[in-house]
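Summary of the model geometry
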Amino acid sequence: MPRSERSPLLLAGLLAAAGAAHFAVPRPFDAIIPKALPGSRRAWTYGSGAVELALAAGIAARPTRPLAAKAAAAFFVGVFPANVKMAVDWRDRPGPQRNAALARLPLQVPLVLWARGVARTGEGRA
């Protein structure tokens, strides 16, 4: 497989794994859904998992890759409040857990840039 094809497929795989996790183990995701959102937390967990699976499929397919990658970049920005909530909620947890929650915050930046690169080139180069 050419190197240029690996980056979008890795992004698709990351989204697919995260999406599947929302269905397989929903409780941790429920816990980080901001309370301000209407409806049940579980509905938001399943909804975001379904979106991640759809984005993964869209990025994996060349014809839909640019649009799906742009949508993934927007999705990564959109879920940032959940990561902030997790960091706030976990501020009193033991160091490794607290640090993991804090590390998620800047991680969104490379994910957004990766998705934008895939949208722009179809290959993931920024």
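Residues numbered from 1 in each chain as written. Predicted model: local features only at pLDDT ≥ 70, side-chain atom pairs only at ≥ 80, totals over all residues. Heavy atoms only, no water.

So, on to the layout of surface pockets. Taken as a whole, the largest pocket encloses approximately 630 Å³ of empty space. Looking at the largest pocket, it is lined by 25 residues, and the ones nearest its centre are His 22, Glu 52, Phe 75, Val 79 and Arg 104. Among the elements of the structure, helix 1 (3–24), helix 3 (41–60), helix 4 (65–78), helix 5 (80–89) and helix 6 (95–121) are those that each provide at least two residues to the lining of the largest pocket. Sort the elements by how many residues they give to the lining of the largest pocket and helix 1 lands first, with 5 residues. Classifying every residue of the lining of the largest pocket gives 17 nonpolar, 6 polar and 2 charged. (1 Å grid on protein atoms, 1.4 Å probe; cavity = no way out; pocket = protein on both sides within 12 Å on 5 of 7 lines; lining within 4 Å. Points joined across faces, edges and corners; volume = space filled by probe spheres on them. Helix = DSSP H or I, 4+ residues; strand = E, 2+ residues; numbered from the N terminus. Nonpolar A, V, L, I, M, F, W, Y, C, P; charged D, E, K, R; others polar.)

Right, let's talk about the packing of aromatic side chains for a bit. Taken as a whole and judged by the stated rule, the model has 2 aromatic pairs. Geometrically, the ring pair formed by Phe 23 and Tyr 46 is stacked, given 5.1 Å between the ring centres and 5° between the ring planes. Within this pair, whereas Phe 23 is found in helix 1, its partner Tyr 46 is found in helix 3, the two being separated by 23 residues in sequence. Looking at Phe 23, the relative accessible area reads 37%, which means it is partly exposed. Just above the ring of Trp 90 sits the side chain of Arg 93; from NZ or CZ to the centre is 4.2 Å. (Phe/Tyr/Trp six-rings, centres within 6.5 Å; stacked < 30°, edge-to-face > 60°. Buried < 20%, exposed > 50% of the residue type's maximum accessible area, 1.4 Å probe, protein only. Lys NZ or Arg CZ within 6 Å of the ring centre and 35° of its normal.)

How two helices pack is summed up by the angle between their axes together with the distance between the axes. Where helix 5 contacts helix 6, the axes come no closer than 8 Å and their chain directions differ by 160°. Compared by their axis directions, helix 5 and helix 6 come out roughly antiparallel. The chirality of how helix 5 crosses helix 6 is left-handed. Between helix 5 and helix 6, the contacting residues are Phe 80, Asn 83, Val 84, Met 86 and Ala 87 on the first element and Ala 101, Leu 102, Arg 104, Leu 105 and Gln 108 on the second. (Axes fitted to C-alpha atoms, helices over the stretch in contact; angles between N-to-C directions. Parallel < 35°, antiparallel > 145°, perpendicular 65-115°, else oblique. Left-handed = near helix turned anticlockwise from the far one by under 90°. Contact = heavy atoms within 4.5 Å.)

Within soluble globular proteins, side chains that are nonpolar generally end up buried alongside one another. Formed by 17 residues in total, the largest nonpolar core has its most connected members in Leu 11, Leu 15, Ile 59, Ala 72, Phe 76 and Ala 115. Taken together, the elements giving at least two residues each to this core come down to helix 1, helix 3, helix 4 and helix 6. When residues of this core are assigned to their parent elements, the largest contribution, 6 residues, is made by helix 4. Ignoring sequence-local partners within four residues, the contact set of Leu 15 consists of Glu 52, Leu 55, Ala 56, Ile 59, Ala 72 and Phe 76. If you look at the next biggest cluster of nonpolar residues, it comprises 5 residues, including Ala 82, Met 86, Trp 90 and Ala 101. (Core = buried A, V, L, I, M, F, W, Y, C linked by side-chain atoms within 4.5 Å.)

Treat this as a map of the structure, not an account of what it does.
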